[in-house]
Amino acid sequence: MRDIFIGITAASYSGNKGAAAMLQSSITQLYKKYGDRLNINLMSVYPEEDKEQLPFDFINITSTKPEQLIFIAFPLAVLYRIFKWCPPIKKLILKNKIINTYTKTDLVVDEAGIAFVDSRGFVMNTYAFICAAVPLLVGTPVVKYSQALGTFKNPYNKFLAKWILPKLKLVCARGQVTYDNLMGIGVKDNVKLCADGAFSMEDSEEWNKKVDEICANDSFFAGDVVGLSISSVVEKKCNKMNINYKDTMVSLVDYLNGQGYNVMLIANAARINSEKPRNNDLMVGDRIYADVANKDKVRWYHEEMDAEQIRAFIGKCHYLIASRFHAMIGSLEQKVPVLLIGWSHKYQEVLDMFELGQYAIDFSKLDINELKKSFEDFVSNEDEIRQKLDKNMDKVLESSRDNIRYISEVIDEIMDKPSKRPRLLDLKNPDKYIGEHIGCKKGYALDDNIRGNAASGGMVTALLCNMLKHGDIDGAWVTKTAFENGELTYKTYVATTEEEIKDASSSVYMNIPILKHIDVIRNFDGKVAVVMVPCMIRGLNAILEKDAALREKVVLKIGLYCSGTHSVKATTLSMEKSGITSENAERLYYRRGHWRGISSVIYKDKTEKQFSYAKTICAYKNAYYFENGSCMYCQDHFAKGSDISFGDIWLKEMKKEKIKHTSCVIRSDKAYEILNRAVAEGDIHAAHISSRDIVRSQKRALVFKFNAAKAKKNNAALDVSSKCKWNHKLAYKLAEKNKKYSEEHYDKLAKKPTWFIYYYMCFIRVLLSF
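Here we summarise the structure given alongside this text.

Calculation rules
Residues numbered from 1 in each chain as written. Predicted model: local features only at pLDDT ≥ 70, side-chain atom pairs only at ≥ 80, totals over all residues. Heavy atoms only, no water. Helix = DSSP H or I, 4+ residues; strand = E, 2+ residues; numbered from the N terminus. Buried < 20%, exposed > 50% of the residue type's maximum accessible area, 1.4 Å probe, protein only. Contact = heavy atoms within 4.5 Å. Areas by Shrake-Rupley, 256 points an atom, 1.4 Å probe, with all protein chains shown as cover. Lys, Arg positive; Asp, Glu negative; His and termini not counted. Charge placed at Lys NZ, Arg CZ, Asp CG, Glu CD. Pairing = 2+ DSSP bridges. Axes fitted to C-alpha atoms, helices over the stretch in contact; angles between N-to-C directions. 1 Å grid on protein atoms, 1.4 Å probe; cavity = no way out; pocket = protein on both sides within 12 Å on 5 of 7 lines; lining within 4 Å. Points joined across faces, edges and corners; volume = space filled by probe spheres on them. Nonpolar A, V, L, I, M, F, W, Y, C, P; charged D, E, K, R; others polar. Core = buried A, V, L, I, M, F, W, Y, C linked by side-chain atoms within 4.5 Å.

## Some words on the overall build of the protein chain
- Within the protein chain one finds 32 helices and 29 strands.
- C-alpha extents for the protein chain along the principal axes are approximately 100 × 60 × 45 Å.
- Burial analysis of the protein chain (770 residues in total) assigns 57% to the buried set.
- Considering only contacts in the protein chain between residues 6 or more positions apart, those separated by 24 or more positions represent 71%.
- Total accessible area on the protein chain is roughly 33,300 Å²; 49% of this is exposed by carbon and sulfur atoms.
- One way to put it: in the protein chain the 111 positive side-chain charges average out to a point 11 Å from where the 94 negative ones average out.

## Let's talk about the pairing of strand β1 (residues 4-9)
- Most of β1 is tucked away, with six of its six residues classed as buried.
- Because side chains alternate across β1, one face comprises the buried residues Ile4, Ile6 and Ile8, and the other comprises Phe5, Gly7 and Thr9, equally buried.
- In terms of strand pairing, β1 meets strand β3 (residues 38-44) through six bridges, oriented parallel. Along β3, the bridge assignment pairs Gly7 with Asn41.
- Where β1 lies against strand β5 (residues 107-110), four bridges are found, and the strand directions are parallel. Bridge assignment links Gly7 to a residue of β5, and that residue is Val108.

## A few points about the sheet that holds strand β15 (residues 338-342)
- Read from one edge of the open sheet, six strands run β13-β11-β10-β14-β15-β16, paired in parallel fashion. Each edge of the open sheet carries a strand with a single partner, namely β13 (298-300) and β16 (360-362). Geometrically, the sheet is characterised by an average inter-axis angle of 15 degrees between neighbouring strands, direction not taken into account.
- Here strand β11 (residues 262-267) runs beside β13; their pairing, made up of three bridges, is parallel. Opposite Leu265, over in β13, you have Trp300 as the bridge partner.
- Its contacts with the sheet put helix α11 (residues 245-258) on β10 (225-230), β11, β13, β14 (319-322) and β15, and the angle it makes with β10 is roughly 175 degrees.

## Overview of empty space enclosed by the protein
- Enumeration according to the criterion identifies three cavities of 30 Å³ or more in this entry.
- In this structure, the largest cavity occupies an estimated 70 Å³ of space.
- If you go around the largest cavity, the residues you meet are Lys17, Ala21, Met201, Asn268, Ala307, Ile310, Arg311, Ile314, His326, Ala327 and Gly330.
- Counting residues per element, the lining of the largest cavity draws most heavily on helix α13 (residues 307-314), at four residues.
- The class makeup of the residues in the lining of the largest cavity is six nonpolar, three polar and two charged.
- Considering only enclosed or pocket space, the second largest cavity measures out at about 50 Å³ in volume.
- What lines the second largest cavity is simply Ser563, His566, Lys621, Asn622, Tyr624, Glu627, Ala701 and Arg765.
- Looking at side-chain class alone, the lining of the second largest cavity contains two nonpolar, three polar and three charged residues.

## Re the environment of Ile404
- Structurally, Ile404 is set in helix α17 (residues 382-416).
- Taking the relative accessible area as the measure of exposure, Ile404 reaches 6% and is therefore buried.
- Placed 259 residues apart in sequence, Ile404 and Tyr145 show a C-alpha to C-alpha distance of 8.4 Å.
- Once you skip the residues sitting within four places of it in the chain, Ile404 turns out to touch Ser26, Gln29, Leu30 and Tyr145.

## Quick look at the nonpolar core
- Counting 109 residues, the largest nonpolar core has Met249, Met328 and Phe375 as the members making the most contacts within it.
- Looking at this core element by element, the count peaks at 11 residues for α17.
- Among residues more than four places away in sequence, those in contact with Met328 are Leu320, Ala322, Val338, Leu340, Tyr347, Val350 and Leu351.
- Of all hydrophobic cores here, the second largest spans 42 residues; its members include Ala619, Met632, Ala709 and Ala735.

Written out as structure tokens, the structure reads:
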């Protein structure tokens, strides 16, 4: 099945750790359901900070700062909606990264904790509207993760909510008050009642262990600890009402210390490198800590903690007094009694799920004497509070998980819809090209020496070396170039040492009938891995079906992406045109170095001569000179019969990488296990890549095979489908003509300058690009 691309807006890992908790919860649950098919496009307001904190390699960050969204993306989304029928204008609009990302996204999950609330005012409600409107305008459906909504007494806020919310696929109301608010304005059909998504964030074993160690080594945590979650938001609201939030919190800490409690200050929103108070409680925390009377009985960590780390510390507290909503959620989930200082119905409706709504204090009534009284009443009812936490927790957790259950239903409905006819490639159905698979990765060998001779990232060589090291195989059936009597040829053998495997590194771009040498592994005493192009893999599979002994011997089949094989003449002519002699030559490396790389010939005296791969060998290959006939219409580009296949990533964004990467398509559990082991042991660096990007990375080859050729073998002749676009038809006809010309008029072709061949090849590639 194809990859799933989920956009997440109005949440980030940096800053508000409540948003981070919702992100962790939603992404983890989606990954459990969809596995490696899942790709997340995080529309981040803190892109640089979030990149440093990403916990998963399948998350892509798109900078979506408020000013970018409101003043650039929103107007462009409106224009996109109006002019999407006009390709030039549409193409220009898609240069905007926000718009481009949304058009490549299957579903957007809006994870704002609160939206369309009268008290948030014109700016914040407009922003909430635009967060949902931009993806809708470009045709991408939106759902709202569990959040607080309403009240809707303000006419402008009510208008925005009534206009946008019914257009969403799903709205998850975070509590009964929100649900009633939505019913009150007629938003009913797409609404589900779900507890806050952060309840279902899983604890982190790593952070639990680290926090256990901190607490074990600090006698402070041996006493009764009260956690105090402070808030820059509540402080700002208090300032507007001439309430001194900082001094009140200082007085509360001193009072709690006087009652025998140790106090831990908690910043549930933090941006360590920012002095701005938005989504940042560090400054108010510093001011409170500076003024407390007994610092020995107070702990304050001026740092940006992970959401799981905060929850682990809350779990060490006897009570929590919270001014941050998701600190409250963490406390409830840890079954730590919580007294709330808040400013919206969002606190009340969640506490009501536990029958604890009476333990919420409105910030407008913030007074130290009232706080003392409320805390004493709270403590006196501790047993009852804990009973209610136990009684209601399972039900609330299930309600929290309903968020992803309902969202998954929307995703499955979207995935079941047939995709529209694609212009070039069906990127919504990459399995059409790749075949069945269980995962895709991109990466490279971590050994510089391996990468030095590799045509790409050296992953195949590193994987084989790892298998040999662990005894999975006794050897690897490999092939490399050679020269005999001044003629370019090849050598195929079973490499039994890491040095021999590394020596065979680098691709070979000439037709090699390797199955003629099947006795190489038949006569080998031991288990082997094999490395082959797709057609050879298919032939090998046919042999293995009939030969049980050989089938037992072949442990892993490694395929190589292949756009077609060519006769040796494509290489020898390139050498001749570049002034490279084969006399006393020992070895040819087709490609070494970054991106396209450089071709080089090594001589017996260990000297080396280099020549341009892109403007010689690659030019002849990609203009389809010397092409093997059956390759013209072969659609097994990705070696579907292999356990794992590898190839280049020809994507513009990858050219910027300092180290060239290889991509791979994993088809068997055994291959996945071996690859993961090589990664864990530091032999290979690997990260997620979507199957859609793998298809994009081989775009022109696939357009030729699936669009331009659409060929059928008919009495040894090839027929171009009448449904092909004119440019694809022309590309195929030129390719067919060039193949025939190189076979029948080699001498004439040899006289043509390489610059002509190169630009002629570029013309054919352009024809395959639209």
